Amino acid sequence: MISDDLFPALVEGAREAVWDSFVYAHRVTKHRVPEEVEHVWALVETGTVRLAAEWRPVLARRGISLRVTGVLIHQTPKAHYDHPKDGPVKPELGDLLVVHDHIGVAPSRRALLLQAKRMVNGVPTSAPDVHQEYLYRHWPDFTLHGRGAGRPAAPYLPGHRTISPNSGGSVYGLVDDYAQPHGRCAICHPQHLYLFPWMAADPAGPALAAGAEDLGSLLTNMLYSTAYPRGRAAQQITGHLALSTVGAHNNHFDVTVEELLRLAAARTTSFKRYPHIGGTRGRSILCFQDKPSGGPPLPATGEAFIPSGDGEDRERPPETIEDDDDGGMSVLLIETGSESRE
């Protein structure tokens, strides 16, 4: 799909994009250090633009098209399940859905759910959420409740979702409060050569930076089929969505990814300034997209997203999150297209 010899340039560019988003979050925050929502917002805004700028020329040399879309949705769906000790609980499904779609000779999709956590010196700063950790470690059957895709908004698909074992399909995104934003200057601060502000930790164990992978490397590895998967393989679904029944091929992860993508796309069609497009988007939905140029056609998925305009639609997100509103999830969507087996 994408040649291995492009990996060094791609991973270098992805790391710079992650650093840029980290610096941006620190520059605009009103807090001592940015909150999690501010880091996710910076990642889907600044990270989207920088990732596309870094990757486009590298991929273009091999005739590969690229489009990157980032969406911030403050609220996040809750995964309702029965905890073995505490009974019914509903932790967050995740803070960010990361997806790579590729079309061409070998079309594919890889996706993962990322739960953000702040850390200092490689250790989370807050006590673990035992219900969320149990979800990511064991992935018991769960349901989603609340608003789903469509106009008017319909509920999420009913029924239990079985996505275990979820190898590669979820990570903890650890963002370091201790890292200094100006530390990226390799001349003044050589630690930029080895310090990464975002780490991706395997949820099978404790949420620690030790043994984790930097986020730039993770994003790049999602473009490849690796022995240890980064992201979980999923089917791209173009038609009606339905959870398979017992005894049929399980498509619950595929459907969950597609449902979250469609919901995010549906919510980006609403602008304050253009109510005839779809109503009031409000400040809680921000969409950023780097448009493709030339090369093979790209997946149709990203065409459904309408980026935010200037002015009010680009305001910094509110500092609080409405806990009861679960109408979607933030998204980082990477789409590539190639007419060869490159």
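Above this note sits the structure.
Structural notes, computed from the coordinates. (Residues numbered from 1 in each chain as written. Predicted model: local features only at pLDDT ≥ 70, side-chain atom pairs only at ≥ 80, totals over all residues. Heavy atoms only, no water.)

**Concerning the environment of R110**
Note the cut-off: Numbered from the N terminus, helices here are DSSP runs of H or I no shorter than four residues, and strands are runs of E no shorter than two. Categorising residues by exposure relies on relative accessible area from a 1.4 Å probe, with only protein chains included: less than 20% of the type maximum marks a residue as buried, more than 50% marks it as exposed, and the intermediate range marks it as partly exposed. Note on contacts: a residue pair is in contact if any heavy atoms of the two residues lie within 4.5 Å.
Structurally, R110 is set in strand β5 (residues 108-120). Given a relative accessible area of 14%, R110 falls into the buried group. Between the C-alpha atom of R110 and that of R232, which follows or precedes it by 122 residues, the distance is 5.1 Å. Residues contacting R110, with those up to four places away along its chain left out, are V98, V99, H100, M222, Y224, P229, R230, G231, R232 and A233.

**A closer look at the layout of surface pockets**
To find leftover empty space, a probe the size of one water molecule is rolled over the atoms. Keep this limit in mind: Buried and open spaces are told apart on a 1 Å grid over the protein atoms alone, a cavity being a set of points where a 1.4 Å probe fits but cannot get out and a pocket being an open set with protein on both sides within 12 Å along at least five of seven lines. Residues with an atom within 4 Å of a point are the lining residues. Grid points are joined across faces, edges and corners, and a volume is the space filled by probe spheres set on the points.
In this structure, the largest pocket encloses a volume near 360 Å³. Among the elements of the structure, α3 (130-138), β8 (170-176) and β9 (198-201) are those that each provide at least two residues to the lining of the largest pocket. Considering each element in turn, the lining of the largest pocket owes the most residues, three residues, to α3.

**A short note on the packing of aromatic side chains**
Rules: Paired rings are identified among Phe, Tyr and Trp, the last through its six-membered ring, by centres lying within 6.5 Å, and are further divided according to the angle between planes into stacked (under 30 degrees), edge-to-face (over 60) and tilted (the rest).
Within this structure, the stated rule accounts for seven aromatic pairs. A ring pair is formed by W19 and F22, whose centres lie 5.7 Å apart and whose planes are at 90 degrees; its orientation type is edge-to-face. Taken together, the residues W19 and F22, both in helix α1 (residues 7-28) and three residues apart, mark about one turn of the helix. Measuring from centroid to centroid gives 6.0 Å for Y81 and Y134, while their planes differ by 15 degrees, and the two rings are stacked. Of the two residues, Y81 is situated in strand β2 (residues 79-83) and Y134 in helix α3; the sequence distance between them amounts to 53 residues. Cluster of aromatic residues (ring-pair linked, three or more members): Y136, W139, F142 and Y172.

**Structural notes on the side chain of Q115**
Defined as follows: Polar contact is the term for a pair of N or O atoms within 3.5 Å; when the atoms are in protein, one must be able to donate a hydrogen and the other to accept it, and sequence-neighboring residues count only if both atoms are side-chain atoms.
Here Q115 shows up in strand β5. At a separation of 3.5 Å, a polar atom in the side chain of Q115 contacts the side chain of Q132. Discounting chain neighbours no more than four positions away, the residues touching Q115 are E92, L93, G94, D95, Q132, Y136, V171, Y172 and G173.

**Examining the nonpolar core**
Applicable threshold: The criterion is simple. A nonpolar core is a set of buried Ala, Val, Leu, Ile, Met, Phe, Trp, Tyr and Cys residues joined through side-chain atoms within 4.5 Å.
By size, the foremost hydrophobic cluster in this structure holds 44 residues, and its most contacted members are L10 and W55. With ten residues, the top contributor of residues to this core is helix α2 (residues 36-60). A79, V99, A111 and L135 belong to the second largest nonpolar core, which has 38 residues in total.

**Focus: α3**
Note the following rule: For this quantity, the arc is that covered by the directions from the helix axis to the C-beta atoms.
Q132, E133, L135 and Y136 are the residues of α3 that are buried. Taken down its axis, α3 places every buried residue within 155 degrees of arc, on the same side. Elements that come into contact with the buried residues of α3 comprise β2, β5 and β8. Measuring from the backbone nitrogen of H131 back to the side-chain oxygen at the start of α3 gives 3.1 Å, which picks out D129 as the cap. Just beyond α3, the residue with positive phi is W139, at close to 45 degrees.

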